[in-house]
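# Chain and residue survey
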Amino acid sequence: MTLEITGGSSFSALTRETGHWTRRCAEGAVTFGCPGRTYERAPRVWGGRGLGLPEDELTAFAAQLRRVMKHEAYWLARAGCRDRRAGDATRWSPGRYDDEDGFVYFTGPCTHGDPWPGYRPARSFTIALPHVRGLRVRVAAYLAAG
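Residues numbered from 1 in each chain as written. Predicted model: local features only at pLDDT ≥ 70, side-chain atom pairs only at ≥ 80, totals over all residues. Heavy atoms only, no water.

What follows concerns the overall build of the protein chain. Along the backbone of the protein chain there are 3 helices and 10 strands. Ordered by position from N to C terminus, the α and β elements of the protein chain give β-β-β-β-β-β-α-α-β-β-β-β-α. Counting every position in the protein chain, which comprises 146 residues, the buried fraction comes to 45%. Long-range pairs, those at least 24 residues apart, make up 63% of the contacts in the protein chain with a sequence separation of at least 6. If you sum the accessible surface of the protein chain, you get close to 7800 Å²; carbon and sulfur atoms cover 51% of it. (Helix = DSSP H or I, 4+ residues; strand = E, 2+ residues; numbered from the N terminus. Buried < 20%, exposed > 50% of the residue type's maximum accessible area, 1.4 Å probe, protein only. Contact = heavy atoms within 4.5 Å. Areas by Shrake-Rupley, 256 points an atom, 1.4 Å probe, with all protein chains shown as cover.)

Ranked by internal contacts, the top residues of the largest apolar core, which has 30 residues, are F32, F61, F125, I127, L129, V132 and L135. For this core, the elements supplying multiple residues, two or more each, are β4 (29–33), β6 (50–54), α1 (58–69), α2 (72–80), β8 (103–107), β10 (124–128) and α3 (132–145). Broken down by element, the residue count for this core peaks at 7 residues, all from α1. Setting aside anything within four residues of it in sequence, one finds V132 in contact with V30, L65, V68, M69, Y74 and I127. (Core = buried A, V, L, I, M, F, W, Y, C linked by side-chain atoms within 4.5 Å.)

Within the secondary structure layout, G134 lies in helix α3. Along the sequence, G134 and S93 sit 41 residues apart, while their C-alpha atoms lie 9.4 Å from each other. Not counting residues within four places of it along the chain, the set of residues in contact with G134 comprises G87, D88, A89 and W92.

Because an α-helix packs 3.6 residues into every turn, residues spaced three or four apart end up facing the same way. Turning to α2, its buried residues number three or more, namely A73, Y74 and A77. With its buried residues spanning 100° around the axis, α2 presents them on a single face. Every exposed residue of α2 that faces more than 90 degrees away from the buried side is listed here: E72 and A79. Turning to α2, the residues buried within the fold contact α1 and α3. (Arc of directions from axis to C-beta.)

Below, the structure written as structure tokens:
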């Protein structure tokens with residue numbers, strides 16, 4: 001099965017569905033979607049504060065981050081960002097595993113539009129393109145340590 005992933009004229013790709021993740025780049029951000037997941041397995045997002053993902057899906061999510069970083073839209077956003085440290089791993093915390101729910105949590109600049117505080121299940125979430133590299137570094141470090 002293939003999905004067409006688009007995000008405007010600067011980002012367009014045809015990709016296989018990998019780990020049931022979708023991604024769409026537009027206006028300097030990438031929105032990741034996770035259609036078909038149950039409420040219990042949906043990513044957890046605390047708007048503007050962090051992201052939680054099921055541990056067994058981190059490898060597939062890391063592949064999505066890698067694909068985003070290969071596109072011109074990512075590099076244009078990085079080049080145009082005034083904050084030269086936006087891509088640093090320090091923008092994200094190291095992954096913290098919660099053995100109660102099997103999720104790994106990263107504090108950092110992730111949004112989903114829900115105004116309520118706390119981690120909430122989300123079918124999609126958005127990360128500014130310049131911050132993708134830092135999250136990729138943290139996810140890779142977590143996977144390497146495991």
